[in-house]
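# Coordinates in review
Listed here are the chains, written in short residue letters.
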Amino acid sequence: MAAAVCASSGSASAEVPPLSVYGGLPNLEEVEISPDGGKLAIIVTNGEERSVMVRDAAEGGKVITVLRVGQTKLRDIKWAGSDHLLVTASATTMVFALSGPKREYWKTFDYDIVTKKQTFLMKDAPGTMNVVLTPPTVRFIDGTPHAFVEGVYFVDRMGRNTLYRINLKTGATKMASASGLEGTDSWLVSPEGEPLAQSVYDEEKGAWSLMLKSGGTWSTVEKSASRTGSLGLEGLGRDGHSALVWMRDPKDEDKLVLREFSPQGGSTEVPQGGAFDQLVHAPGDGALLGGYALVGDERRYTFFDPKDQANWDALRATIPDEQPILASWSDDRRKIVVFVDSAALGPAYALYDADAGTLRWLGGTYVGLTLDGISEVQSIKYKAADGLVISGYLTLPKDREAKNLPLVVLPHGGPMVRDTLGFDWWSQALASRGYAVLQPNFRGSDGFGPDFIRAGYGQWGKAMQTDLSAGVRGLARGGIIDPKRVCIVGASYGGYAALAGATLDQGVYRCAASVAGPSDLPRMLIDNNHLQDSTNNSTLRYWLRFMGADGVKDPDLAAISPARLADKVAIPVLLIHGKDDTVVPYVQSTLMADALKKAGKPVELVTLTGEDHWLSRGATRQQMLNAVVGFLEKNNPPN
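Since we're looking at a predicted model, the values are computed, not measured.

Further remarks concern the nonpolar core. Grouped together as the largest cluster of nonpolar side chains are 58 residues, with contacts concentrated most on Leu 407, Trp 460, Ile 481 and Tyr 509. For this core, the element with the highest residue contribution is helix α6 (residues 493–503), accounting for 7 residues. Core analysis: the second largest hydrophobic core is formed by 32 residues, Tyr 22, Trp 425, Tyr 435 and Val 628 among them.

In structure tokens, the structure reads:
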């Protein structure tokens, strides 16, 4: 590990950027190019409030219109032809006469950029909520743009996922097919605008099935046991008329293969499909064009059509030292918007013109971010206590020698996701204050193969936790960090890991900060699943597999629940939680705070009013960052 880290030059120190540079919302959140390549739709913010700006795609092109939405949480924008934008937003709320806690509900409206008129989709659909379950699919029927929306239709007072067809010219709304089945969880629409497939999942039995429509008749073409969730649908296949599904390998349930199912019968495995992390579909008809995979730290795109591959390779050649991510492209695939997630230069959007062979920068994601505010990020590897190789990323503060540095361990959420080599606003903010930051991809993280995921089963608070402290010890042995000046900070699962660092892996950390972290695992599972001790629920089965318990009453859960181990805490603890969190309920932090106070331990609870699990609002995201930095500077001064 030490060999991978070079000492920073001790030249004159640059001015430290204000935390607002990192803590506010990105100033460019999304860029979508129109089907004809002539316009750009851009979600812009001033760090807190959002707008959708539409401008001519040409260099120096004029602004066509600006739609100001304030603090609305925008989740998606999508072109429907060249004059309509489908804008999807969400809000956390309770619905009258609907059972259960607050939920995050999505709504979509059509914005006509010519007339400037906004029209909410689903507003005229009888017997349904005027919400959407996913961003719409766009199809053209007789030259007119239509939005296909998955909505909620009530049958015997129970909501069913039902597909609706909305004419964006007239606003006419109708069911595209009969109401979904009791277990329907997703739909697929053909390029001609006809329902093609639906995914159906039986929660109690843990059984998934695929239904395809052929000749006006629905039939079940595939079934599979899937105890931990639906297999769903991944879009259209290479021919544009088959249904794609990531299937579990019958010999290894953690290994996936990508299969195309034809309405005429039979299925085919997509070459290299199992290796893709994400799929790439045609911007017009939705046919599968290729995929994306993260191989080590390299982002690789593979396209089936040599012309598409040549275009992408030519784009890459314009920025050989960077690894662009495909954001959107025109229907002819000749104009491509990319997101360049540069660890060295900061994130930015750019537009590539395949005909001209040129790439033009559209703008940096964070206004006010300069090279002086970006710290070096390095890939590292180290061995866990049992010898398993763990990879991760180390961010080093600028203008400081990589020796005896204070360290913040920043584990990711999930836990079955991963950190990547790119610009991370949280790590960069902490590094700007003088801290080295370690982001370990501990066992159970995604992207390192099924065996690595399996190694995380049953390891909450155990080996998944000591994988973090093994990284601390490796950095200490190399002399890079001071082992007496280490704190742990994280959000979601990372927040749990921070609390576990204070209760289950003691003697490593000087302080711990948890953002929306679970603290009482039995209570969280019950609250999120409305169950007492049932395993007839895919989400519950998924979590129990990672937590290593047989049910919510299993004593093993209490043994790894920080709120039930508060008497063991010997370091200051900071708890931060959004009041509107629908993933990890706010009560998880109040339970922890109460337990620590009862045990006479130092604790501070910061409530983010109106904030969800994902820190979607600028003001509360900034409030979180200010609180964490203030807590670290008090309990683990960087100088």
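After that view, the rundown keeps rolling.
A word on the packing of aromatic side chains. For the structure on display, the rule yields 20 aromatic pairs. Between Phe 303 and Trp 312 the ring centres are 6.3 Å apart and the planes differ by 55°, which places this aromatic pair in the tilted class. The class of Phe 303 is buried, set by a relative accessible area of 6%. The structure contains a cluster of three or more aromatic residues connected by ring pairs, namely Phe 442, Tyr 457, Trp 460, Tyr 493, Tyr 496, Tyr 542, Trp 543 and Phe 546. Across the ring face of Tyr 586, the terminal group of Lys 579 is positioned such that the distance to the ring centre comes to 5.3 Å. Taking NZ or CZ as reference, Arg 621 lies 3.9 Å from the ring centre of Trp 425, over its face.

Moving on: the packing of helix α3 (residues 425–432) against helix α11 (residues 618–635). Where α3 meets α11, the closest approach of the two axes is 11 Å, and the angle between their N-to-C directions is 40°. One element, α3, and the other, α11, form an angle in the oblique class. By crossing handedness, the relation of α3 to α11 is classed as right-handed. Seen from α3, the contacting residues are Trp 425, Trp 426, Ala 429 and Leu 430; seen from α11, they are Arg 621, Met 624, Leu 625, Val 628, Val 629 and Leu 632. Partitioned by chemical class, the residues of the contact of α3 with α11 number 9 nonpolar, no polar and 1 charged.

Next up on the list: the sheet that holds strand β4 (residues 63–70). Sheet strands pair via backbone hydrogen bonds, and the direction of the pair is either parallel or antiparallel. One open sheet holds the 4 strands; their spatial order is β1-β2-β3-β4, and the pairing between them is antiparallel. Taken across any chain shown, the strands that pair with only one partner, and hence form the sheet edges, are β1 (28–33) and β4. Neighbouring strand axes in the sheet, compared pairwise and without regard to direction, differ in orientation by 15° on average. The sheet contact formed by strand β3 (residues 50–56) and β4 spans 6 bridges and is antiparallel. Each bridged residue has a counterpart across the sheet, and for Val 54 the counterpart in β4 is Thr 65.

Another aspect to go through is the state of the cysteines. The tally for this structure, following the rule as stated, stands at 1 disulfide. A sulfur-sulfur distance of 2.0 Å marks the disulfide that ties Cys 487 to Cys 511. Because the sign of the S-S torsion sets the handedness, a value of about 110° for the bond joining Cys 487 and Cys 511 places this disulfide among the right-handed ones. Separated by 24 residues along the polypeptide, Cys 487 in strand β32 (residues 481–491) and Cys 511 in strand β33 (residues 511–515) bring together distant segments of the chain. Given a relative accessible area of 0%, Cys 511 falls into the buried group.

Okay, the side chain of Thr 65 next. Mapped onto the elements, Thr 65 comes out in strand β4. The buried category is assigned to Thr 65, whose relative accessible area is 7%. A polar atom in the side chain of Thr 65 sits 2.9 Å from the side chain of Tyr 111. Among all residues touching Thr 65, those that are not within four sequence positions of it are Val 52, Met 53, Val 54, Tyr 111, Ile 113 and Lys 116.

Axis separation between helix α5 (residues 463–477) and α6 bottoms out at 10 Å; the angle between their running directions is 75°. Classified by the angle between their axes, α5 and α6 sit roughly perpendicular to one another. Contact with α5, carried on its side by Met 464, Gln 465 and Leu 468, involves Tyr 493, Ala 497, Ala 500 and Gly 501 of α6 and no other residues of that element. Classifying every residue of the contact of α5 with α6 gives 5 nonpolar, 2 polar and no charged.

A word on the pairing of strand β17 (residues 217–225). Where strand β16 (residues 207–214) meets β17, 8 bridges bridge the pair, whose relative direction is antiparallel. Following the sheet pairing, Ser 209 is matched in β17 by Lys 223.

Our focus in this paragraph is empty space enclosed by the protein. Leftover empty space is mapped by rolling, across the atoms, a probe with the size of a water molecule. Taken as a whole and assessed by the stated rule, the structure comprises 1 cavity of 30 Å³ or more. Within the lining of the largest cavity, the residues separate by chemical class into 1 nonpolar, 3 polar and 3 charged.

Turning to unusual backbone geometry, a few remarks are in order. For the bond running from Gly 414 to Pro 415, omega is 10°, close enough to zero to count as cis. Assignment of secondary structure puts Pro 415 in the loop between β30 (405–409) and α3. Non-glycine residue Asp 142 carries a positive phi angle of around 55°. Structurally, the position occupied by Asp 142 is in the loop between β10 (137–141) and β11 (144–155). Here the phi dihedral of Arg 333 falls at roughly 60°; this positive angle occurs in a residue that is not glycine.

The subject of this paragraph is a negative patch on the surface. A cluster of acidic side chains, namely Asp 36, Asp 83, Glu 192, Glu 194, Asp 285, Asp 331 and Asp 332, defines a negative patch on the protein surface. The residue Asp 332 is located in the loop between β24 (324–329) and β25 (335–342) in this model.

What follows is about the pairing of β25. Judged by how many residues are buried, β25 sits mostly within the fold: 7 of 8 residues are covered. In terms of strand pairing, β24 meets β25 through 5 bridges, oriented antiparallel. Across the sheet, the residue bridging to Pro 324 is Val 340, located in β25. Two successive antiparallel strands, β24 and β25, enclose a turn made up of 5 residues, where Arg 333 displays a positive phi of approximately 60°. The pairing of β25 with strand β26 (residues 346–353) spans 8 bridges and is antiparallel.

Next up on the list: the sheet that holds strand β21 (residues 278–281). Ordered by their spatial adjacency, 3 strands build an open sheet running β21-β22-β23, and the pairing between neighbours is antiparallel. Only two strands of the sheet have a single neighbouring strand rather than two, namely β21 and β23 (298–303). Sheet twist, expressed as the mean angle between neighbouring strand axes with direction ignored, is 25°. Across 4 bridges, the pairing between β21 and strand β22 (residues 288–295) is antiparallel. By the bridge assignment, Gln 278 is partnered in β22 with Tyr 292. Relative to the sheet, helix α2 (residues 306–318) contacts β22 and β23, its axis offset from that of β23 by approximately 150°.

Reading the values: rules and limits
- Residues numbered from 1 in each chain as written.
- Predicted model: local features only at pLDDT ≥ 70, side-chain atom pairs only at ≥ 80, totals over all residues.
- Heavy atoms only, no water.
- Core = buried A, V, L, I, M, F, W, Y, C linked by side-chain atoms within 4.5 Å.
- Buried < 20%, exposed > 50% of the residue type's maximum accessible area, 1.4 Å probe, protein only.
- Helix = DSSP H or I, 4+ residues; strand = E, 2+ residues; numbered from the N terminus.
- Phe/Tyr/Trp six-rings, centres within 6.5 Å; stacked < 30°, edge-to-face > 60°.
- Lys NZ or Arg CZ within 6 Å of the ring centre and 35° of its normal.
- Axes fitted to C-alpha atoms, helices over the stretch in contact; angles between N-to-C directions.
- Parallel < 35°, antiparallel > 145°, perpendicular 65-115°, else oblique.
- Left-handed = near helix turned anticlockwise from the far one by under 90°.
- Contact = heavy atoms within 4.5 Å.
- Nonpolar A, V, L, I, M, F, W, Y, C, P; charged D, E, K, R; others polar.
- Pairing = 2+ DSSP bridges.
- Disulfide = S-S within 2.5 Å.
- Polar contact = N/O pair within 3.5 Å; in protein donor to acceptor, adjacent residues only side chain to side chain.
- 1 Å grid on protein atoms, 1.4 Å probe; cavity = no way out; pocket = protein on both sides within 12 Å on 5 of 7 lines; lining within 4 Å.
- Points joined across faces, edges and corners; volume = space filled by probe spheres on them.
- Patch = residues over 30% accessible without salt bridge, like charges linked within 9 Å, V, L, I, M, F, W, Y side chains within 5 Å.
- Areas by Shrake-Rupley, 256 points an atom, 1.4 Å probe, with all protein chains shown as cover.
- Salt bridge = Lys/Arg side-chain N within 4 Å of Asp/Glu carboxyl O.
- Lys, Arg positive; Asp, Glu negative; His and termini not counted.
- Charge placed at Lys NZ, Arg CZ, Asp CG, Glu CD.

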